[in-house]
Amino acid sequence: MGKMDLLVVGELNIDLILNQIQGFPEMGSEKVAQKMDVVLGSSSAIFASNIATLGVDTAFCGKVGGDDFGHMVKETLKAKNVDTNFISTADQLQTGLTVVMNYDQDRANVTYCGAMEALTMEDIPWDRGGTFRHFHLSNYFLQKGIQKDITAIFKKAKAAGMTTSLDLQVDPDDQWNFDYEECLPFVDIFLPNEAELLALTGKGSVNEALEAVKPYTNTVALKMGMKGGLVCENGQVTEVKAFVNDQFVDAIGAGDSFNAGFISKFLEGADWEACLRHGNLMGAINTTAAGGTGAFNSLKAVKERAKSQFDQEI
Ligand SMILES: Nc1ncnc2c1ncn2[C@@H]1O[C@H](COP(=O)(O)OP(=O)(O)OP(=O)(O)O)[C@@H](O)[C@H]1O
Ligand SMILES: [Mg+2]
């Protein structure tokens, strides 16, 4: 069997998005939303779906419950050419769900983790480890079942010959219980955003935070929203500005699309500047349509958007 490009390990959930809500939720009262969408959620799945659309041969390892949402998650990923053979079903559990109350630029989310918490290190197809080139894990804080083994997981991925990347995402409990000194040496590309890097290190500025993680990291690719992104490797910084998007819809999944653009270029052997430019472009394209995958229906659609809106050939 030929080598696949990428194994993504992560959380899976459905997003139930409520839009045009008449006011904020209030105890004892009822609000009406004018619009509802039920779509594939979860940072890891948005990343997998979008990087597969960009042409990267991708498999997903995760857990869903034995319900219709689990079925929907798997079918949606399959439709985007993601190999779902390593997604297991925990019949006695429910698939994760996020209720998103969307208000213009911002949103209030409530997540039920369900089966995503039951994913453990043992669920990862290590016997097939050698058949993937790259290993990506996202949303560490929502996956209780893998937390204690996070360093062992990355050690094992490296030992299997894969390059590795990690996007921790935000800690909803604001505890930031992640031993970066122990784990990050086994992560080739660490992909935080500014707020996450500051919270993790307890530092007051991005420079101090980059300095704090420097002894333990290989490459940090930092997401900076409308400012773009930077790579820090051995204290050497490469920074690339964001694309200007004058047709902003929402930023749901922009970070995951940045990751997809960045890692897809990395797998082509491109330099950091090209990886950043592609990450920024995919992040910007993400913000031109609703949700995390709306702008990534096909490679053709992505190419057309890159050309028409950002004057970029991909
Ligand atoms: N309004 C915007 N206009 C242009 N580009 C954007 C915009 N918002 C985000 N991007 C691009 O997307 C990238 C990732 O976005 P961001 O920094 O918000 O990631 P994040 O905080 O990890 O997001 P997420 O909430 O999806 O995890 C940015 O580095 C930037 O290149
Ligand atoms: Mg993010």
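Note: the structure precedes this text.
Right, let's walk through the structure included here. Please read these numbers as outputs of a predicted model, since none were measured by experiment.

What counts, and at which threshold
- Residues numbered from 1 in each chain as written.
- Chains lettered and ligands numbered in written order.
- Predicted model: local features only at pLDDT ≥ 70, side-chain atom pairs only at ≥ 80, totals over all residues.
- Heavy atoms only, no water.
- Helix = DSSP H or I, 4+ residues; strand = E, 2+ residues; numbered from the N terminus.
- Contact = heavy atoms within 4.5 Å.
- Pairing = 2+ DSSP bridges.
- Axes fitted to C-alpha atoms, helices over the stretch in contact; angles between N-to-C directions.
- Expected span 1.5 Å × (residues − 1).
- Buried < 20%, exposed > 50% of the residue type's maximum accessible area, 1.4 Å probe, protein only.
- Parallel < 35°, antiparallel > 145°, perpendicular 65-115°, else oblique.
- Left-handed = near helix turned anticlockwise from the far one by under 90°.
- Near = heavy atom within 4 Å.
- Polar contact = N/O pair within 3.5 Å; in protein donor to acceptor, adjacent residues only side chain to side chain.
- Areas by Shrake-Rupley, 256 points an atom, 1.4 Å probe, with all protein chains shown as cover.
- Nonpolar A, V, L, I, M, F, W, Y, C, P; charged D, E, K, R; others polar.
- Salt bridge = Lys/Arg side-chain N within 4 Å of Asp/Glu carboxyl O.

Another point: the side chain of Ser43. In this fold, Ser43 is placed in helix α1 (residues 43-53). When near neighbours in sequence (up to four residues on either side) are disregarded, Ser43 contacts Glu11, Ser138, Asn139, Gln169 and Asp256.

Now for the sheet that holds strand β2 (residues 13-21). Sheet strands line up and pair through hydrogen bonds in the backbone, either parallel or antiparallel. Strand order across the open sheet formed by 4 strands is β3-β2-β6-β7, with mixed pairing between neighbours. Every other strand in the sheet has two partners, leaving β3 (33-40) and β7 (106-112) as the edge strands with one partner each. With strand direction ignored, the average angle separating the axes of adjacent strands in the sheet is 20°. Of the strand pairs in this sheet, strand β6 (residues 96-103) and β7 are connected by 7 bridges, and their pairing is antiparallel. Directly across from Leu97, in β7, lies its bridge partner Tyr112. In the packing of helix α2 (residues 68-79) onto the sheet, the strands contacted are β2, β3 and β6, and the crossing angle to β3 comes to about 65°.

With 15 residues, helix α9 (residues 272-286) should cover 21 Å at 1.5 Å per step; its first-to-last C-alpha distance of 21 Å lies within 8% of that length. Buried residues dominate α9, accounting for 13 of its 15 residues.

The subject of this paragraph is the packing of α1 against helix α8 (residues 254-267). A pair of packed helices can be characterised by two numbers: the angle between their axes and the separation between those axes. Contact pair α1 / α8: the axes reach a minimum separation of 8 Å and the direction vectors enclose 45°. Between α1 and α8, the angle falls in the class oblique. As α1 packs across α8, the resulting crossing turns out to be right-handed. Residues Ser43, Ile46, Phe47, Asn50 and Ile51 of α1 touch α8, and the partners they reach there are Asp256, Ser257, Asn259, Ala260, Ile263 and Ser264.

All right, on to the pairing of strand β1 (residues 4-9) then. By the criterion of burial, β1 is predominantly enclosed, with 6 of the 6 residues buried. Bridge analysis of β1 against strand β4 (residues 58-65) gives 4 bridges, and the strand direction is parallel. Paired with Leu7 across the two strands is Ala59, which belongs to β4.

Before going further, it helps to examine the site of ligand 1. Lining the immediate surroundings of ligand 1 are 18 residues, of which Asn193, Gly225, Gly228, Gly255 and Asn280 lie closest. Take Ala254: an N or O atom from its main chain is 3.3 Å from an oxygen atom of ligand 1. Between Gly255 and ligand 1, the recorded distance is 2.9 Å, taken from a backbone N or O atom to an oxygen atom. Here ligand 1, which alone exposes 620 Å², has 86% of that area covered by the protein.

A separate point is the packing of helix α6 (residues 194-201) against helix α7 (residues 206-213). Running from amino to carboxyl end, α6 crosses α7 at an angle of 60°, the nearest separation of the two axes being 9 Å. Viewed along their axes, α6 and α7 adopt a mutual orientation that is oblique. The interaxial crossing formed by α6 with α7 has left-handed handedness. Contacts between α6 and α7 involve Glu194, Leu197, Leu198 and Thr201 from the first element and Val206, Ala209, Leu210, Ala212 and Val213 from the second. Taken together, the residues of the contact of α6 with α7 sort by class into 7 nonpolar, 1 polar and 1 charged.

What follows covers the sheet that holds strand β13 (residues 236-240). Reading across the sheet, the 9 strands line up as β5-β4-β1-β8-β9-β10-β11-β12-β13 and stay open at both edges, with mixed pairing between neighbours. The open sheet has two edge strands with one neighbour each: β5 (83-90) and β13. Relative to strand β10 (residues 189-190), strand β9 (residues 163-167) is paired through 2 bridges, and the arrangement is parallel. Bridged to Ser165 within β10 is Ile189. Across the face of the sheet, α2 comes into contact with β4 and β5 while running at roughly 175° to β5.

Relative to the elements of secondary structure, Ser257 occurs in helix α8. The exposure class of Ser257 is buried, given its relative accessible area of 0%. Non-local contacts of Ser257, meaning those with residues more than four positions away in its chain, are made with Asn50, Gly279, Met282, Gly283, Asn286, Gly292 and Phe296.

Applying the stated criterion to the full structure yields 14 salt bridges. The partner of Glu304 in a salt bridge is Lys300, with the nearest N and O atoms 3.3 Å apart. With Glu304 and Lys300 both in helix α10 (residues 299-310) and 4 residues apart, the pair spans about one turn of that helix. The class of Glu304 is partly exposed, set by a relative accessible area of 45%. Residues joined in a network through salt bridges with shared partners are Lys307, Asp311 and Glu313.

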